Amino acid sequence: MKSENGQKNLLSSGLGWILGVPLFLILVLPGFALVLSAGLSRVWAAFLDPAFLEAAALSLTSSMLALVLILLSGTPLAWWLARSPSGLSRGIEMILDLPIILPPAVVGIGLLQAFGRSGIMGEFLAAVGLNLPFSFMAVVMAQVVIAAPFYLRSATVAFRNADRDLEDVAKTLGHSPVQIFFRVVLPLCRRGLMAGALLAWARALGEFGATLLFAGNMPGVTQTLPLAIFSTLERDVHLAIAMSLLLLALALLLLALLRRFEKDPAGGNR
Amino acid sequence: MNCWEVQIECLKGDFHLQVELSGGLRPMALIGANGSGKSTILRGVLGLETLKRAFVRVGDHILHDSKKSCCVPVEDRNLAYLPQGLGLFPHMNVAENILFADRSNTLTLADLMDGEHSTTVENLKIKPLLHRRPEELSAGECQKVALARVMIQKPQLVLLDEPASALDILARREVREVLSEQLSDLGIPSILVTHDFRDVRDLAADIAYLKEGKVEKVGSADGFPGSEGDEFLNEFFAQP
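Residues numbered from 1 in each chain as written. Chains lettered and ligands numbered in written order. Predicted model: local features only at pLDDT ≥ 70, side-chain atom pairs only at ≥ 80, totals over all residues. Heavy atoms only, no water.

(A) Expanded view of the sheet that holds strand 3 (residues 28–31) of chain B. Residues and elements named next belong to chain B. Strand order in the open sheet formed by six strands is 7-8-9-3-10-11, and the pairing between neighbours is mixed. Both outer strands of the open sheet, strand 7 (80–82) and strand 11 (214–220), are each paired with one neighbouring strand and no more. On average, adjacent strands in this sheet sit at an angle of 20 degrees to one another, irrespective of strand direction. As paired strands, strand 3 and strand 9 (residues 190–193) are joined by three bridges and run parallel to one another. Its bridge partner being in strand 9, leucine 30 is matched across the sheet by valine 193. (Pairing = 2+ DSSP bridges. Helix = DSSP H or I, 4+ residues; strand = E, 2+ residues; numbered from the N terminus. Axes fitted to C-alpha atoms, helices over the stretch in contact; angles between N-to-C directions.)

Here it is in structure tokens:
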């Protein structure tokens, strides 16, 4: 194989192929295997299984709620991170990225230590009658913590790259900061914001470790699809595969949408 | 009386800008090397820059007087700003871009099509473009749309910051032609930052030459006083 300018590259040596192909296979084979191993009739039956429907409904409602919370609170926070002239915002931006790198189990323990009964907020929460751990809200909170950094990153970059001249022009045309934010900045940054929201939602859907530790694995209360896959695997492989297929289909859909939005991350700035 | 007068002092790190300028209906071109303070002056007049001291008057309106601690906010100054790329909003079509300048928020597409503002749109020959996005327009058409927006805004002063600098040479000529035809008809004074002598010539603009934050010379384009010996001015006027 020759590159465009006719020079030999790494791939043409054969060594590149030998080294590269195994990774390619290990990346795509699991997905193929899932599709191939799923007997159509048994998967269909699994889709109608109450355990499946319960977990799927819980996953969708909790991740959607998490996404709404992330958008509502994350958008103004990302705006501040992008536009604050103080050095403080840069430091905070770094800290907020932490859950991306941190093992989810560590996030789960951290959530317990913060909001658990013996956690630092425990007494306060007990006083107002809130018991967060091992509840539906705990599922949502775990997803918010794990997924929000993906939205924050994407939104901060979008806000930072938005054309300031256009905001200045909107000011000279007599518009208030709030009007400018909604009529100029948000539309200009929509691609970056959408891409971030999709990534965050995908991450929330797949959340496992932090949820398991902070919210537990109770069917119908805190058992989301990933947890249900973990629990069903021993009992009913086909049910676990059906659940996995749903998540795979959602992931492919999100990936297709992401590609559309990520072509031009700053969004519409030409 | 002059249409506008500007006294600005601004400190940015090592850079110290201190200028006094005034002008009539004739456009004023600010020229000078990069970092001489041209854009800072425009942004200062617009109210987008933090200034140490300033007096800005446009028409009868005092927009900034640091002695009396009076500083009109940007959105209430009613000045038009055409930055690099002309400041058209890419997510709005031409009509929406123009109507965005309507402070009362009462004008509609119908007013542009056949109402009181249809002559603006017709004179600029942009009626067929009203539903297009800026990305589908030529440079000259974009300039016309930006000017139509200025006409709806009815500002007291138009500030242009190298509006055509990002364009190729043919597109620049198109923009320059539109500007020189329309800007004088507007009857609104203007200040523009430019690196192109042809802008100055075609707009019959006065020139203010800035050097290191000071106004070095002011004059009209013909026989700009004492350009000999100054490398920047020699190069500027040597352009075809």
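There's more to say after this.
(B) Geometry of the confidence of the model for chain B. In the predicted model, chain B carries a mean pLDDT of 89, and 98% of its residues have values of at least 70. Taken over the whole predicted complex, pTM reads 0.86, whereas the ipTM for its chain interfaces reads 0.91. (pLDDT = per-residue confidence, 0-100.)

(C) Structural detail: the pattern of salt bridges. Across all of its chains, the model carries 19 salt bridges over all chains by this definition. In this structure, B:Glu5 and B:Arg57 form a salt bridge, with 3.0 Å as the shortest nitrogen-oxygen distance. Placement of the pair is B:Glu5 in strand 1 (residues 4–12) and B:Arg57 in strand 4 (residues 53–58), with a sequence separation of 52 residues. Residue B:Glu5 is classed as partly exposed on the basis of its relative accessible area, which comes to 26%. A salt bridge links B:Arg201 to B:Asp202; the nearest nitrogen and oxygen atoms lie 3.1 Å apart. Given the relative accessible area of 41%, B:Arg201 is considered partly exposed. Overlapping salt bridges bring together A:Asp168, A:Lys171, B:Lys12, B:Arg43 and B:Glu49 as one network. (Salt bridge = Lys/Arg side-chain N within 4 Å of Asp/Glu carboxyl O. Buried < 20%, exposed > 50% of the residue type's maximum accessible area, 1.4 Å probe, protein only.)

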